[in-house]
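A look at the structure
The residues making up each chain are set out below.
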Amino acid sequence: MYSLYDGEGVLRFINSDKKACLDYAKLFELTSTHCWVMNFIESIDKEKNINLDLNQEENNN
């Protein structure tokens, strides 16, 4: 998941496609000096050491 934040740090858009975030920024004329795109899953993973692997096998216990 990718997230787009504005210059104030407010989440403006989130999508699984990075291009969609960039298209959103372009649509609303948000330049790179006024916003940034962040890989949401990697950020959570690095900060909290959470394993979010969607391909894990189910626990049948």
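Here the structure is shown first, and the text comes after it.
One structure accompanies this document, and this report is about it.

**Here we look at the pairing of strand 1 (residues 2–6)**
Where burial is concerned, most of strand 1 is hidden: 4 out of the 5 residues are buried. Of the pairings in the sheet, the one linking strand 1 to strand 2 (residues 11–15) comprises 4 bridges and is antiparallel in character. Residue pairing across strands places Y5 opposite L11, the latter belonging to strand 2. Linking strand 1 to strand 2, which pair antiparallel, is a turn of 4 residues; within it G9 sits at a positive phi near 85°. As paired strands, strand 1 and strand 3 (residues 35–39) are joined by 5 bridges and run antiparallel to one another. Paired with Y5 across the bridge in strand 3 is W36.

Cut-offs applied
Residues numbered from 1 in each chain as written. Predicted model: local features only at pLDDT ≥ 70, side-chain atom pairs only at ≥ 80, totals over all residues. Heavy atoms only, no water. Buried < 20%, exposed > 50% of the residue type's maximum accessible area, 1.4 Å probe, protein only. Helix = DSSP H or I, 4+ residues; strand = E, 2+ residues; numbered from the N terminus. Pairing = 2+ DSSP bridges.

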